[in-house]
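Here's the letter readout for the chains.
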Amino acid sequence: MSHTLVSLACHAYGIAAVVYLAYLVRQSEALATAGRVLVGGGLALHGVALFELLGVQSGRPVGLAQGFSALAFLLLAIFLFLDVRYRRPVIGAFLTPLALAALLPGLLLQGGQAPLPPGVRQPLLPLHITLALLGLAAFAVAAGVGVMYVLMERQVRAKRFGLLFSRLPSLEFLDTLNRRLVVWGFLALSITLATGAFFVGTAPGPWTVDGKTAATLVAWAVFAALLMARTFAGWRGRRVAFLTMAGFCLVMVSFLSSYDVPSPSAAALRMP
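Residues numbered from 1 in each chain as written. Predicted model: local features only at pLDDT ≥ 70, side-chain atom pairs only at ≥ 80, totals over all residues. Heavy atoms only, no water.

Peer 1: A description of the overall build of the protein should follow, citing residues and the corresponding values.
Peer 2: Per the secondary structure count, the protein includes 10 helices and 0 strands. Sequence-ordered secondary structure for the protein, helices as α and strands as β, is α-α-α-α-α-α-α-α-α-α. For the protein, the proportion of its 272 residues judged to be buried stands at 50%. Within the protein, residue pairs in contact and separated by at least 24 positions form 80% of the contacts whose partners lie at least 6 positions apart. Accessible area for the protein stands at about 12,500 Å²; split by element, carbon and sulfur atoms hold 70% of it. (Helix = DSSP H or I, 4+ residues; strand = E, 2+ residues; numbered from the N terminus. Buried < 20%, exposed > 50% of the residue type's maximum accessible area, 1.4 Å probe, protein only. Contact = heavy atoms within 4.5 Å. Areas by Shrake-Rupley, 256 points an atom, 1.4 Å probe, with all protein chains shown as cover.)

Peer 1: For unusual backbone geometry, give the residues involved together with the corresponding values.
Peer 2: Unusually for a residue other than glycine, Arg87 sits at a positive phi of about 55°. Within the secondary structure, Arg87 sits in the loop between helix H3 (64-86) and helix H4 (92-108). Residue classification places Arg87 among the partly exposed positions, given a relative accessible area of 48%.

Peer 1: Would you mind going over the pattern of salt bridges in detail, with residue names and values included?
Peer 2: One pass over the structure, following the stated rule, counts 5 salt bridges. A salt bridge links Arg36 to Asp83; the nearest nitrogen and oxygen atoms lie 2.9 Å apart. Of this pair, Arg36 sits in helix H2 (residues 29-56) while Asp83 sits in helix H3, placing them 47 residues apart in sequence. Residues Arg36 and Asp83 agree in their burial class; the two are buried. Linking Glu153 and Arg157 is a salt bridge whose minimum nitrogen-to-oxygen distance equals 3.8 Å. With Glu153 and Arg157 both in helix H5 (residues 125-158), this residue pair falls 4 residues apart, about one helical turn. Each of Glu29, Arg36 and Asp83 takes part in one network of salt bridges that share partners. (Salt bridge = Lys/Arg side-chain N within 4 Å of Asp/Glu carboxyl O.)

Peer 1: Break down the packing of H5 against helix H9 (residues 238-257) for me, citing the residues and quoting the values.
Peer 2: It is the contact of H5 with H9, at a shortest axis distance of 8 Å, that shows an interaxial angle of 145°. The hand of the H5/H9 crossing is left-handed. Of the residues in H9, those touching H5 at Leu133, Leu136, Phe139, Ala140, Ala142, Ala143, Gly146, Val147, Tyr149, Val150, Glu153 and Arg157 are Arg238, Ala241, Phe242, Thr244, Met245, Phe248, Val251, Met252 and Phe255. Partitioned by chemical class, the residues of the contact of H5 with H9 number 16 nonpolar, 2 polar and 3 charged. (Axes fitted to C-alpha atoms, helices over the stretch in contact; angles between N-to-C directions. Left-handed = near helix turned anticlockwise from the far one by under 90°. Nonpolar A, V, L, I, M, F, W, Y, C, P; charged D, E, K, R; others polar.)

Interpretation note: all reported values are geometric properties and have no functional meaning in isolation.
See the structure below:
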């Protein structure tokens, strides 16, 4: 049942992606409304499927398929909130295809994982996983906004004011939105690391920092440095956008690497 609901949600997202791409070419309030309805309906179906899946997966870690599915859900939930809040539906032309790219592996991959070891079966584990995925989704949206900023800034510098210049939000709006998203993602990632440290303290055996855990820590350091540079050095613009994309790539490395059947102690500081 959950697979059917996710499949229906995926179709809704796919149609929404076409609608938002059409909106990029020709802005129309009817297209914007249709896109919001499709994304909202898809999220409703998707949310029911994820809730049902959580009941089936009780006592088991989130597998790669479920992780991709939850990431797509959170990414589109953040986008819909931003669209309703700021009335910038054109962002959907960049984010709905990204969400589809994340969701398709969740539909194609099969199978779950073995039950959780007792050492990591803690009450804080759902919070740890949820915040990790929420932070990843926020960084994904921030990276998408960064791509939009780079494309817009390139047209401005070249003084070639094409379709994107007339359709995309202003550089100032994109830079401000990027900052807010990075702050949200950084807070979620920080709490993820804090709860992961708690698991390290309770898990049996020695704790070692491998490459996957290091990727998460390096990503945290990149975003911490980025926020400090924004606050104290006044960094803005293209280099911030590129650093956001680089940090997102590091977090994705950690996310994808977390499904190589990690040891309980090493898994505690990783993205789920």
